[in-house]
Amino acid sequence: MKSTFFTFLSLFLLFACKKEIKTTSEDWQIVSENVQFKEDGNTFHLKSGKFDYSIPTSKLPYKKVILLNASLVGYFTELDLERNIIGISSPEYVYSEKVHQLVKTGNIQNVGNEQKYNLEKIIALKPDAIFTNYIASFENTYDLIKKNGIEIIFLDEYLEQNPLNKTKYLLVFGKLFNNEKKAVSKVEEIQKRYDSLKIVAKTSANKPIVLANEMYGNQWFLPGGQSNLAQFIFDANATYINSGNSETKAIPMSFEEVFVKGQKAEYWVNIGNHQNKKELLQINPNYTKLPVFNEGKLYTIDRKTQGKSNDYFESGVVRADVVLKDYIRIFHPELLPKYKLTYFKELK
């Protein structure tokens, strides 16, 4: 009987995943509300936020590209496309060892940072395209690059609040790099694992109360109730202290406001890069007033760090299933007793 149930469940999840991936509107493949694409004759059309792209299929697949932000590296490592990267900004913020090796050998060039991009090097490298998040203050830089005939594709994955929608950006890269079959397979696998983990989490009758983030200066930027983090906490079958909020962005609050909201918190997650609780108190001694600091469990997101890089913001952007598994292990350790955390570390 159990075998039949799990077989049925597996088939249901598999077909559900495939159906979601292939959702279309007038032949557009929907990645999220922000991103969709379609192939029309000899042209690949991509909508990303307020930007529309019409790329001749004769220019695809891309062979050499530049990345201007580290969060997009995770998509390239997931699809084994590191060798298609010929330039990257701020490589010190990249976690991937393979990318660092390619930088050391000169196969990937350092093209500067957000304070000052090396435009001469970028233009000289003659990339097929540049991928980056859109930053309005860099409009003049973007215009200069475009005037030299280089395509800039803006993909703002950080705006996605559904964790699996971030994963589905793999489908865009799969199309652009002729790696569609692998991209679809990866998305289906991650979605299937994610949905299975949600079912596991729901088997716990306990829904612990969770506090998140920390203070910066005099403000505590508490993620909104419709944020990406809030979704992870909900899917891990826990209760977020700001779940009643309707915002997707972080809400600036005073310590006193968070103190009131977090009185019953049992877990405090997504704390920054601190080595121990004593170090955390050096930032703000008021934390000792929080019951969760004294009686609960605290978790940082720095288990996979190297220098200035943090893999939570790289592979974690793509691997929603692994991030969710970490949260479930934190909130319901009895459900995954043998699993060791990937991105999180307990702060003691």
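Residues numbered from 1 in each chain as written. Predicted model: local features only at pLDDT ≥ 70, side-chain atom pairs only at ≥ 80, totals over all residues. Heavy atoms only, no water.

## Points about the packing of aromatic side chains
Across all of its chains, the model carries 30 aromatic pairs by this definition. Between Tyr327 and Phe344, the ring centres sit 4.8 Å apart and the planes meet at 55°, which makes this aromatic pair tilted. Of this pair, Tyr327 sits in helix H14 (residues 320-331) while Phe344 sits in the loop between H14 and strand S22 (345-347); the two residues are 17 residues apart in sequence, bridging distant segments of the chain. Positioned above the aromatic ring of Trp28, the side-chain terminus of Lys47 is 4.4 Å from the ring centre. Its end group placed over the ring of Phe234, Lys202 keeps NZ or CZ at 4.6 Å from the ring centre. (Phe/Tyr/Trp six-rings, centres within 6.5 Å; stacked < 30°, edge-to-face > 60°. Helix = DSSP H or I, 4+ residues; strand = E, 2+ residues; numbered from the N terminus. Lys NZ or Arg CZ within 6 Å of the ring centre and 35° of its normal.)

## A look at the sheet that holds strand S19 (residues 297-300)
The pairing of strands in a sheet happens through backbone hydrogen bonds and is either parallel or antiparallel. With mixed pairing, 5 strands are arranged side by side in an open sheet as S16-S13-S18-S19-S22. The sheet terminates laterally at strand S16 (239-240) and S22, the two strands that pair on one side only. Bridge count between strand S13 (residues 209-212) and strand S18 (residues 267-271): 3 bridges; the pairing is parallel. What sits directly across from Val210, in S18, is Tyr267. Of the strands in this sheet, S13, S18 and S19 touch H14, which is tilted by about 150° from S18. (Pairing = 2+ DSSP bridges. Contact = heavy atoms within 4.5 Å. Axes fitted to C-alpha atoms, helices over the stretch in contact; angles between N-to-C directions.)

## Some remarks on H14
The terminal C-alpha atoms of H14 lie 17 Å apart, and with 12 residues this matches the ideal 16 Å at 1.5 Å per residue to within 8%. For H14, a buried count of 10 out of 12 residues is recorded, marking the element as mostly surrounded by other parts of the structure. Listed in full, the buried residues belonging to H14 are Ala320, Asp321, Val322, Val323, Leu324, Asp326, Tyr327, Ile328, Ile330 and Phe331. (Expected span 1.5 Å × (residues − 1). Buried < 20%, exposed > 50% of the residue type's maximum accessible area, 1.4 Å probe, protein only.)

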